[in-house]
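# Descriptive analysis of the structure
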Amino acid sequence: KEERNVWRMYMELRKFQEAEKYADGDQAKLFEIASEEGDYYFEQKYYEDAAQTYALSHRSFEEIALKFINEGTTAALMNFLRTKLDSIGNSNNPTQICMLVVWIVEIYLSEISSLEKQQQSSEEKSDKLQSTRADLRNFLSNEFVIRN
C-alpha cells in the first residue's frame, strides 16, 4: 500500500522526475505532478519552465493564462499557448484550437505594434521587429494552423 504513494512523496519533496518514475505511466498522476511542478517553477519565477510544464497538466486553461497575464509575462503566456496548441493538435476540439490560434496571433500583432510605435530606431529594435514578423509568418504558414 505504501508503494502506491511513493510518487506523491517524491512530488511533495519536489523531486518531480523521481515522482514521474513512480507514477508508472498513470496519466492522472502525471498530470498532477505536472501541475505541482508548474506551481513550483511559477513560485520561483521560472515562467518559461512553468509554461511548458503547465501545458502538460490538466489545470484550467483560463487559470494558467490569467497567472501569466497577472505577472505580465507575455513570453511565458505565448510559450504556454503554443505548447498547449501542440498538445491538443490531434484532438477534435476546433473551438479550442481556433481560440488558441487567434490569441497567439493577437500577441504577435500586439508585439509588432508596440515595436513599431517605439520612437528609437535602433538596430536591435529593428532586428526584434523583423524577427517577430518572421515568427508570425512562420506560425501562420504552419500546416496545422492552415488546416484548422
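Read on for an overview of the structure. (Residues numbered from 1 in each chain as written. Predicted model: local features only at pLDDT ≥ 70, side-chain atom pairs only at ≥ 80, totals over all residues. Heavy atoms only, no water.)

Turning our attention to the side chain of T73. Relative to the elements of secondary structure, T73 occurs in the loop between α5 (61-71) and α6 (74-87). Leave out the neighbours within four places in its chain, and T73 touches Y47 and F68. (Helix = DSSP H or I, 4+ residues; strand = E, 2+ residues; numbered from the N terminus. Contact = heavy atoms within 4.5 Å.)

Our focus in this paragraph is the packing of helix α4 (residues 47-54) against α6. Packing of α4 against α6 brings their axes to within 8 Å, and their N-to-C directions diverge by 20 degrees. As the angle between them shows, α4 and α6 are arranged roughly parallel. Every pair of crossing elements has a handedness; the one defined by α4 and α6 is right-handed. Mapping the contact onto sequence places Y47, E48, A51, Q52 and Y54 in α4 and A75, A76, N79, F80 and T83 in α6. (Axes fitted to C-alpha atoms, helices over the stretch in contact; angles between N-to-C directions. Parallel < 35°, antiparallel > 145°, perpendicular 65-115°, else oblique. Left-handed = near helix turned anticlockwise from the far one by under 90°.)

Over its 17 residues, helix α3 (residues 27-43) extends 24 Å from the first C-alpha to the last, a length consistent with the 24 Å expected when each residue adds 1.5 Å. Residues I33, A34, S35, E37, G38, D39, Y41 and F42 constitute the buried set of α3. If you follow the buried residues of α3, they end up packed against α1 (6-12), α2 (16-22), α4 and α5. After α3 finishes, the residue K45 shows a positive phi value of roughly 65 degrees. (Expected span 1.5 Å × (residues − 1). Buried < 20%, exposed > 50% of the residue type's maximum accessible area, 1.4 Å probe, protein only.)

Oppositely charged side chains may form a pair once their charged atoms are brought near each other. Applying the stated criterion across every chain, the model contains eight salt bridges. Among the salt bridges present, the one from R59 reaches D39, with a minimum N-O distance of 3.0 Å. Taken together, the residues R59 in the loop between α4 and α5 and D39 in helix α3 connect sequence positions 20 residues apart. Since its relative accessible area comes to 19%, R59 is described here as buried. In this structure, K67 engages D39 in a salt bridge whose closest nitrogen and oxygen atoms are separated by 3.6 Å. Within this pair, whereas K67 is found in helix α5, its partner D39 is found in helix α3, the two being separated by 28 residues in sequence. The class for K67 is partly exposed, based on a relative accessible area of 21%. Classification of D39 by relative accessible area gives buried; the value is 16%. Residues joined by salt bridges that share partners form a network here, namely D39, R59, E63 and K67. (Salt bridge = Lys/Arg side-chain N within 4 Å of Asp/Glu carboxyl O.)

Moving on to α5. Every buried residue belonging to α5 is among F61, I64, A65 and F68, and all of these are buried. Within α5, the buried residues cover an arc of 100 degrees as seen down the axis, which keeps them to one side. Of the residues in α5, the exposed ones pointing more than 90 degrees away from the buried face are E62 and N70. Buried-residue contacts for α5 involve α3, α4, α6 and α7 (94-117). One or two residues past the end of α5 sits G72, with phi positive at roughly 70 degrees. (Arc of directions from axis to C-beta.)

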